[in-house]
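# Structure assessment
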2 protein chains.
Amino acid sequence: MIEVITSLQNKIVKEVCSLKENKNIKEKHMFLVETYHLVEMAKDQLEYILTLKEIPTIHCKQYIVSEEILKKCSQNKSYSKVIGVVRQKDFSFVNDDTIVYLDNIQDPGNLGTILRTCLGLNIKNIIVSYNSCSIYNFKAIQSSEGSIFKVNIKIGDLNTLKELKEVGYRVVSTTLMKDSIYLNELKYKEKTVFVFGNEGNGIQSSIINMSDEKIIIPISNIDSYNVGISLGIVLYTYLNK
Amino acid sequence: MIEVITSLQNKIVKEVCSLKENKNIKEKHMFLVETYHLVEMAKDQLEYILTLKEIPTIHCKQYIVSEEILKKCSQNKSYSKVIGVVRQKDFSFVNDDTIVYLDNIQDPGNLGTILRTCLGLNIKNIIVSYNSCSIYNFKAIQSSEGSIFKVNIKIGDLNTLKELKEVGYRVVSTTLMKDSIYLNELKYKEKTVFVFGNEGNGIQSSIINMSDEKIIIPISNIDSYNVGISLGIVLYTYLNK
């Protein structure tokens, strides 16, 4: 299970480096995590790790490599002492009482922070639209602080929302429209999907049009809150009514 | 007011590039903003701008430069069409009813998002501890979306909090301690300072010890929320009681 790699040209090193790119993440159904904490969280899905020295608590193929190799493979500013190559898995999505739908979220830092916030608020069912940034983006995973390994994610679109409506879900969009109500006027209801939209353009109109409720957070001086902040405020307020 | 620069070695180009570094920002009491939106927001403090073509609505010295020069000076991934060199100004800090104190915030993206969130919630008085990242950090300003030009910032420390206590302020720290209360148990009180702490280590113990109240947000599955998310939830909930 232990092997030593010394060459920067080794095919394993090349494979790890190739997984910095989205198209290879997609093709190979694998992705990278860095730091012991995240590698540990990913341990059920680990293909192999690159590490400075053996880590007895982790049970997968371990390649012992030099600092130089880790620096080449790392996506952190200062290189990480361990890098894990992780298999993508199928999430078992559960239609829970509260679901979050993310429409075209582009910033991986926002996506990661959102996953972490949802998990902290005990919301484990998240639909990410096809046109959002990849959930396997390195920065998204780092910002999620490993939450990606503990939530259920479905990649979806408008039809996913339609299907949820058909089985009794209410769709609530956070968007400033003429007929939006204030967040604190929103009543609790079993089976609710909350939709949050793109950083610049908000939620696409076809989703707004099919929404049962549109809500806003009171706001002064600026046009909008950061999408992660909106989500935190909306979901905390809703769940603590 | 208009001058053309063609050389990458021009001393203005060198000055702009030097302002990418914190030590020069400190020494020269200037900082950089990019994109028309931010330059426009900074217009009362503009020293000069570098731009592809004259901008008639902006009244300061304008240097017309090439794409190549903008690419050299820009800190954005894709270069910006206009870069402004901005004078730092003294903020007129007002002791309002609700004040935010940021203790050792390190991530400039977090700092910027926090300033934007405070402004959106109409909290304009923010104390940033000396050991926090610079408010003039390029990423902080970008993430604040210009909020830095509309809030009142004081750079402070424990003594600033002590002085506020002496004039009747209650200090509320967001921190998980044995005697912390839940956020929704916190009563409204005129003159309150909310303290939020470092991303990894939270609030320093000397501040926790002098706090009148310690509060927590209910949390599951994870150790902590992102500091910007915490701040958004705490301040929205408090102000909408």
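About the thresholds
Residues numbered from 1 in each chain as written. Chains lettered and ligands numbered in written order. Predicted model: local features only at pLDDT ≥ 70, side-chain atom pairs only at ≥ 80, totals over all residues. Heavy atoms only, no water. Helix = DSSP H or I, 4+ residues; strand = E, 2+ residues; numbered from the N terminus. Buried < 20%, exposed > 50% of the residue type's maximum accessible area, 1.4 Å probe, protein only. Contact = heavy atoms within 4.5 Å. Lys, Arg positive; Asp, Glu negative; His and termini not counted. Charge placed at Lys NZ, Arg CZ, Asp CG, Glu CD. Core = buried A, V, L, I, M, F, W, Y, C linked by side-chain atoms within 4.5 Å. Pairing = 2+ DSSP bridges. Axes fitted to C-alpha atoms, helices over the stretch in contact; angles between N-to-C directions. Buried area = accessible area lost by both parts, 1.4 Å probe. Salt bridge = Lys/Arg side-chain N within 4 Å of Asp/Glu carboxyl O. Polar contact = N/O pair within 3.5 Å; in protein donor to acceptor, adjacent residues only side chain to side chain. Least-squares fit on C-alpha atoms with pLDDT ≥ 70 in both. Phe/Tyr/Trp six-rings, centres within 6.5 Å; stacked < 30°, edge-to-face > 60°. pLDDT = per-residue confidence, 0-100. Patch = residues over 30% accessible without salt bridge, like charges linked within 9 Å, V, L, I, M, F, W, Y side chains within 5 Å. Areas by Shrake-Rupley, 256 points an atom, 1.4 Å probe, with all protein chains shown as cover. Parallel < 35°, antiparallel > 145°, perpendicular 65-115°, else oblique. Left-handed = near helix turned anticlockwise from the far one by under 90°. Nonpolar A, V, L, I, M, F, W, Y, C, P; charged D, E, K, R; others polar.

## A look at the overall build of chain A
Scanning chain A from N- to C-terminus turns up 9 helices and 12 strands. Seen through its C-alpha atoms, chain A measures out along the principal axes to roughly 65 × 40 × 30 Å. Residue burial in chain A is summarised as follows: out of 241 residues, 55% are buried. Pairs at least 24 apart in sequence give 76% of the contacts found in chain A among residues at least 6 apart. Charged side chains of chain A number 29 positive and 27 negative; the gap between the two group centres comes to 2 Å.

## Regarding the nonpolar core
By size, the foremost hydrophobic cluster in this structure holds 138 residues, and its most contacted members are Leu50(A), Leu102(A), Leu235(A), Leu50(B), Leu102(B) and Leu235(B). Setting aside its immediate chain neighbours within four residues, Leu50(B) contacts Ile12(B), Val16(B), Tyr63(B), Val65(B), Ile69(B), Leu70(B), Cys73(B), Lys81(B), Val82(B) and Ile83(B).

## Here's the deal with the sheet that holds strand β10 (residues 181–182) of chain A
Residue and element names in this part refer to chain A. Strand order in the open sheet made by the 7 strands is β8-β7-β6-β11-β9-β12-β10, with parallel pairing throughout. The sheet terminates laterally at β8 (152–156) and β10, the two strands that pair on one side only. Against the sheet, helix α9 (residues 227–239) contacts β6 (98–102), β9 (170–174), β11 (192–196) and β12 (213–216), and its axis sits at roughly 160 degrees relative to β11.

## Quick notes on the interface of chain B and chain A
The interface of chain B with chain A comprises 29 residues on the first partner and 29 residues on the second. Of the roughly 2300 Å² buried between chain B and chain A, counting both surfaces, carbon and sulfur atoms make up 56%. On the chain B side of the contact with chain A, Arg116(B), Asn221(B) and Tyr236(B) bury the most area, a combined 27% of that side's loss. Across the contact surface, chain B and chain A share 0 salt bridges. Scanning the region where chain B abuts chain A turns up 12 residue pairs in polar contact (both at pLDDT 80 or more).

## Overview of the relation of the copies chain B and chain A
Overlaying chain B on chain A yields an RMSD of 0.0 Å, the required transformation being a rotation through 180 degrees with an accompanying axial translation of 0.0 Å. One copy is carried onto the other by what is essentially a two-fold rotation axis. A shared binding surface is used by both copies, with 100% of the interface residues of chain B retained as interface residues in chain A.

## Structural notes on the packing of aromatic side chains
Across all of its chains, the model carries 10 aromatic pairs over all chains by this definition. Plain terms: the ring middles of Phe31(A) and Phe149(A) are 6.2 Å apart, the flat faces sit at 20 degrees to each other, and that makes the pair stacked. Of this pair, Phe31(A) sits in strand β2 (residues 30–34) while Phe149(A) sits in the loop between α6 (138–144) and β8, and the two are 118 residues apart along the sequence. As far as the burial class goes, Phe31(A) and Phe149(A) line up, both buried. With centroids separated by 5.3 Å and ring planes inclined at 90 degrees, the aromatic side chains of Tyr48(B) and Tyr63(B) adopt a geometry described as edge-to-face.

## Let's talk about unusual backbone geometry
All names here are of chain A. Its identity as a non-glycine residue notwithstanding, Asn122 has a phi of 65 degrees, on the positive side. Looking at the element boundaries, Asn122 is found in the loop between α5 (108–120) and β7 (125–129). For Asn122, a relative accessible area of 42% translates into the label partly exposed.

## Observations concerning the confidence of the model for chain A
Across chain A, the average pLDDT comes to 96, with 100% of residues at 70 or higher. Across the assembled chains, the prediction reports ipTM 0.93 with pTM 0.94.

## Some words on the pairing of strand β11 (residues 192–196) of chain B
All names here are of chain B. Buried residues dominate β11, accounting for 5 of its 5 residues. Side chains Thr192, Phe194 and Phe196 project from β11 onto one buried face, and the interleaved Val193 and Val195 project onto a second face that is buried too. The pairing of strand β6 (residues 98–102) with β11 spans 5 bridges and is classified as parallel. Following the sheet pairing, Thr98 is matched in β11 by Thr192.

## Examining a positive patch on the surface
Together, Lys77(A), Lys139(A), Lys77(B) and Lys139(B) make up a positively charged patch on the protein surface. With relative accessibility at 91%, the residue Lys77(B) sits in the exposed group.

## What about the environment of Cys60(B)?
Residues and elements named next belong to chain B. As for its position among the elements, Cys60 is in the loop between β3 (46–51) and β4 (61–64). For Cys60, a relative accessible area of 7% puts it in the buried group. Linking Cys60 and Tyr48, residues 12 residues apart in sequence, is a C-alpha distance of 5.6 Å. Leave out the neighbours within four places in its chain, and Cys60 touches Met1, Leu46, Glu47, Tyr48 and Ile49.

## Concerning the pairing of strand β12 (residues 213–216) of chain B
All names here are of chain B. For strand β9 (residues 170–174) and β12, the ladder comprises 3 bridges, and the chain directions are parallel. The residue of β12 that forms the bridge with Thr174 is Ile215. Relative to β12, strand β10 (residues 181–182) runs parallel, the two being bridged by 2 bridges. Considered in β12, the bridge of Tyr182 is made with Ile216.

## Overview of the packing of helix α5 (residues 108–120) of chain B against helix α9 (residues 227–239) of chain B
All names here are of chain B. Where α5 meets α9, the closest approach of the two axes is 9 Å, and the angle between their N-to-C directions is 15 degrees. Between α5 and α9, the angle falls in the class roughly parallel. At the point where α5 passes α9, the crossing takes the right-handed sense. Between α5 and α9, the contacting residues are Asn110, Ile114, Thr117 and Cys118 on the first element and Val227, Gly228, Leu231, Gly232 and Leu235 on the second. Residues that form the contact of α5 with α9 fall into these classes: 5 nonpolar, 4 polar and no charged.

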